[in-house]
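Observations on chain architecture
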Amino acid sequence: MTSIRNAAVAVLLAAGLGLAVTPAAQADTAADSPAGTPAPVTAADLAQARGAVQDPAVLDRLGHFFARKGVPPTQQLTIGAAEEARAASAAAPSLSGDTVPVYTLDAGFVAGAAGAPVATAEYTASKAVSADGQVASVWTVKQGDGWRVVNIASGGDETDYAARAAAGGGGTAFREPQLNAWYVLRDGRVLPLDDEARRSVGGSGVSLAAYQRLVHQRYGDKLPGSAYDRAGKGGGYQPDATGQGAAAADGGTLPAVTAAAALGATALVGAGLALRRRAGARRG
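The following paragraphs examine the structure supplied in this document. Keep in mind that what you see is a predicted model, and the values were worked out from it rather than measured. (Residues numbered from 1 in each chain as written. Predicted model: local features only at pLDDT ≥ 70, side-chain atom pairs only at ≥ 80, totals over all residues. Heavy atoms only, no water.)

**Topic: the layout of surface pockets**
The condition that has to hold: In this analysis a 1.4 Å probe is tested at points of a 1 Å grid over the protein atoms alone, and where it fits but cannot get out there is a cavity; an open set with protein on both sides within 12 Å along at least five of seven lines is a pocket; lining residues have an atom within 4 Å of a point. Grid points are joined across faces, edges and corners, and a volume is the space filled by probe spheres set on the points. The helix count covers DSSP runs of H or I at least four residues long, the strand count covers runs of E at least two residues long, and both are numbered beginning at the N terminus. When residues are sorted by character, Ala, Val, Leu, Ile, Met, Phe, Trp, Tyr, Cys and Pro go into the nonpolar class, Asp, Glu, Lys and Arg into the charged class, and all the rest, Gly among them, into the polar class.
Volume-wise, the largest pocket comes out at about 340 Å³. When residues of the lining of the largest pocket are traced back to their parent elements, those giving at least two are strand E1 (94-105), helix H6 (157-167) and strand E5 (172-176). Broken down by element, the residue count for the lining of the largest pocket peaks at eight residues, all from E1. Of the residues contributing to the lining of the largest pocket, the split by class is 10 nonpolar, six polar and four charged.

**A word on the packing of helix H3 (residues 56-67) against helix H4 (residues 81-91)**
Rules: In this analysis, axes come from line fits to C-alpha atoms, helices being fitted only over the stretch in contact, and the angle between any two N-to-C directions falls in the range 0 to 180 degrees. Angle categories are assigned with fixed cut-offs, so that under 35 degrees is roughly parallel, over 145 is roughly antiparallel, 65 to 115 is roughly perpendicular, and the rest are oblique. Handedness of each helix crossing follows the sense of rotation of the near helix against the far helix: counterclockwise by less than a right angle gives left-handed, clockwise gives right-handed. Between two residues, a contact is recorded if the distance between any of their heavy atoms is within 4.5 Å.
Where H3 contacts H4, the two axes come as close as 7 Å, and the packing angle between them is 110°. With respect to H4, the axis of H3 lies roughly perpendicular. For H3 against H4, the interelement crossing comes out right-handed. In this structure, H3 contributes Gly 63, His 64, Phe 66 and Ala 67 to the contact, and H4 contributes Glu 84, Ala 85, Ala 87, Ala 88 and Ala 91. Taken together, the residues of the contact of H3 with H4 break down into six nonpolar, two polar and one charged.

**Topic: the pattern of salt bridges**
To keep it simple, the criterion reads: Any carboxyl oxygen of Asp or Glu that lies within 4 Å of a side-chain nitrogen of Lys or Arg is treated as forming a salt bridge with it. Each residue's exposure class comes from its accessible area (1.4 Å probe, protein chains only) as a fraction of the maximum for that residue type: buried when under 20%, exposed when over 50%, partly exposed otherwise.
Evaluation of the coordinates by the stated rule reveals seven salt bridges. Linking Lys 127 and Asp 160 is a salt bridge whose minimum nitrogen-to-oxygen distance equals 2.5 Å. Of this pair, Lys 127 sits in strand E2 (residues 119-129) while Asp 160 sits in helix H6, and the two are 33 residues apart along the sequence. Its salt-bridge partner being Arg 198, residue Asp 195 comes within 2.7 Å of it at the nearest N-O pair. Taken together, the residues span about one helical turn, with Asp 195 and Arg 198 both in helix H7 (residues 195-201) at a distance of three residues. Classification of Asp 195 by relative accessible area gives partly exposed; the value is 32%.

**Description of H4**
Rules: Here the arc refers to the set of directions running from the helix axis out to each C-beta atom.
Listed as buried for H4 are Glu 84, Ala 88 and Ala 91. For H4, the buried positions fall inside an angular range of 60° around the axis, keeping them on one side. When the buried face of H4 is taken as reference, the exposed residues oriented beyond 90 degrees from it are Arg 86, Ser 89 and Ala 90. Considering only its buried residues, H4 is in contact with H3. Backbone geometry just after H4 places Ala 92 at a positive phi near 45°.

**Description of the packing of aromatic side chains**
Here is the rule we go by: Ring geometry is summarised as follows: Phe, Tyr and Trp rings, the Trp one being its six-membered ring, pair when their centres sit within 6.5 Å, and such pairs are stacked at plane angles under 30 degrees, edge-to-face over 60 and tilted between the two.
A full pass over the atoms with the stated rule returns seven aromatic pairs. Every member of this aromatic cluster is reached through a ring pair, and the members are Phe 109, Phe 174, Tyr 183 and Tyr 211.

**Some points on the pairing of strand E3 (residues 135-143)**
To keep it simple, the criterion reads: At least two DSSP bridges between two strands are required for those strands to pair.
Two strands pair when backbone bridges link them, and E2 and E3 are joined in this way by six bridges, in the antiparallel orientation. Bridging across to E3, Lys 127 finds its partner in Ser 137. Taking the residues between adjacent antiparallel strands as the criterion, E2 and E3 are bridged by five residues, where Gly 133 takes a positive phi near 95°. In terms of strand pairing, E3 meets strand E4 (residues 146-154) through eight bridges, oriented antiparallel. Counted as the bridge partner of Gln 143 is Gly 146 from E4. Here E3 folds back onto E4, and the loop between the two strands holds two residues, one of which, Gly 144, carries a positive phi near 65°.

**Focus: the environment of Asp 187**
Structurally, Asp 187 is set in the loop between strand E6 (181-186) and strand E7 (189-192). It is 9.7 Å that separates the C-alpha atoms of Asp 187 and Thr 37, two residues lying 150 residues apart in sequence.

If you want it as structure tokens, here you go:
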């Protein structure tokens, strides 16, 4: 099975194949936006999300995340608390680049709903760096009138792929989580941003309509509320040799939830955010 690089994303895979079913705070899509274009997250919301990451308590948790090299607090380190505290202070975390919306393949698009966007913004991500060069991605979701940090993950894929899409000619970067594939929607075509995406749609990509047919074939019978989902088989997906795909049932029984709910459920009691570590990152 294609490896999943983040424990929080693994939760989403178990919850209805990780498809976006409820958007983060978004602006209305302009009437003349091309078909399939995701609704943008407002600049005001992105500013508020970044402000949440800059909270001193979050920066302190980031320091400890870097001090622990991403090891969750539930696991023991070979260093003591005092040494961890010194390393956390020395980490001096700072933010790098823009806070970006993170788009995930939309369930309505997979189902073939008319006018559905190819992807929906589920959370925002901000890249953080430590004094010794470690990189982490801080995730925030909107709750009520404010934004809340819900996850810290090692690596910076969320912001890196958004930057890659912008540098390559613009468009909206999004993720097909079942394959850990990153794409960009540009001029009505779905183009690959990493190796997984290239294996999925080829080096030159496919039309938006062709991509919709592809993901409907892969996941149309596995959406939240489907017999597949009700049977508790939302554990993942693996393409077969023909590219048609086969479900990987691992007995997961989590209900279908949004990213915000799934990530929120992992929040550390008292700390207000989850600390998760990605396994080895794979770059396109």
